[in-house]
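# Understanding the architecture of this molecule
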Amino acid sequence: MLSTAVTLAFALVAASLALTLWRLLWGPDKPDRILALDTLYVNSIALLVLYGIYLNTALYFEAAILIAMMGFLSTVALCKYLLRGDIIE
């Protein structure tokens, strides 16, 4: 039962990842692309967590935490660059 649920969730998150990638490449403006990039890293975290559940190992959870930290910092830096034109004041 768990294997079927994880497989179904894996397919749905992969489809969401593909749609988000489409939005990132062909977004109408910069804020939409930044939001798509933010959603892209959240979807990649979900894929890593699902893969860790599927393999029953904790290694992928640590990688997901690392991607979450880097994704947050990159989103903040991109938004600051978009608003002010400079990251470091």
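This text follows the structure it describes.
Just so it is clear, the structure is predicted and the values come from calculations on it, not from any experiment. (Residues numbered from 1 in each chain as written. Predicted model: local features only at pLDDT ≥ 70, side-chain atom pairs only at ≥ 80, totals over all residues. Heavy atoms only, no water.)

## Some points on the overall build of the protein
A count of helical and extended segments in the protein gives three helices and zero strands. In terms of overall dimensions, the protein is more spread out than a globule: its C-alpha atoms have a radius of gyration of 15 Å, far above the 12 Å expected for 89 residues. Seen through its C-alpha atoms, the protein measures out along the principal axes to roughly 50 × 25 × 10 Å. Here the protein holds 89 residues, and 19% of them are scored as buried. Within the protein, residue pairs in contact and separated by at least 24 positions form 44% of the contacts whose partners lie at least 6 positions apart. When the accessible surface of the protein is summed, it comes to about 6400 Å², and 74% of that surface belongs to carbon and sulfur atoms. Distance between charge centres in the protein, computed from 5 positive and 6 negative side chains, equals 7 Å. (Helix = DSSP H or I, 4+ residues; strand = E, 2+ residues; numbered from the N terminus. Rg over C-alpha atoms; globule rule 2.2 N^0.38 Å. Buried < 20%, exposed > 50% of the residue type's maximum accessible area, 1.4 Å probe, protein only. Contact = heavy atoms within 4.5 Å. Areas by Shrake-Rupley, 256 points an atom, 1.4 Å probe, with all protein chains shown as cover. Lys, Arg positive; Asp, Glu negative; His and termini not counted. Charge placed at Lys NZ, Arg CZ, Asp CG, Glu CD.)

## Some details on helix α3 (residues 59–84)
Between its terminal C-alpha atoms α3 stretches 38 Å, which fits the 38 Å expected from 26 residues at 1.5 Å a residue. Within α3 the residues assigned to the buried category are Ala-64, Gly-71 and Thr-75. Next to the buried residues of α3 lie α2 (30–55). Once α3 finishes, Gly-85 follows within two positions and takes phi at roughly 85°, a positive value. (Expected span 1.5 Å × (residues − 1).)

## As for unusual backbone geometry
Backbone geometry places Asn-56, a non-glycine residue, at a positive phi of 60°. The topology assignment puts Asn-56 in the loop between α2 and α3.

## Some words on the packing of helix α1 (residues 2–25) against α2
Orientation of α1 relative to α2, taken along the N-to-C sense of each, is 160°, at an axis distance of 9 Å. Relative to α2, the element α1 is oriented roughly antiparallel. Between α1 and α2 lies a crossing of left-handed hand. Split into classes, the residues belonging to the contact of α1 with α2 amount to 17 nonpolar, six polar and three charged. (Axes fitted to C-alpha atoms, helices over the stretch in contact; angles between N-to-C directions. Parallel < 35°, antiparallel > 145°, perpendicular 65-115°, else oblique. Left-handed = near helix turned anticlockwise from the far one by under 90°. Nonpolar A, V, L, I, M, F, W, Y, C, P; charged D, E, K, R; others polar.)

## A few points about the environment of Ser-3
With respect to the helices and strands, Ser-3 occurs in helix α1. Exposure remark for Ser-3: the relative accessible area of 44% places this residue in the partly exposed category.

## As for the pattern of salt bridges
What the rule picks out here adds up to one salt bridge. Arg-23 is the salt-bridge partner of Asp-32, the closest N and O atoms lying 3.6 Å from each other. A residue is classified by how much of its surface remains accessible, and Asp-32, at 24% relative accessible area, is partly exposed. (Salt bridge = Lys/Arg side-chain N within 4 Å of Asp/Glu carboxyl O.)

From the geometry alone we can't say anything about function, so treat these as descriptive.
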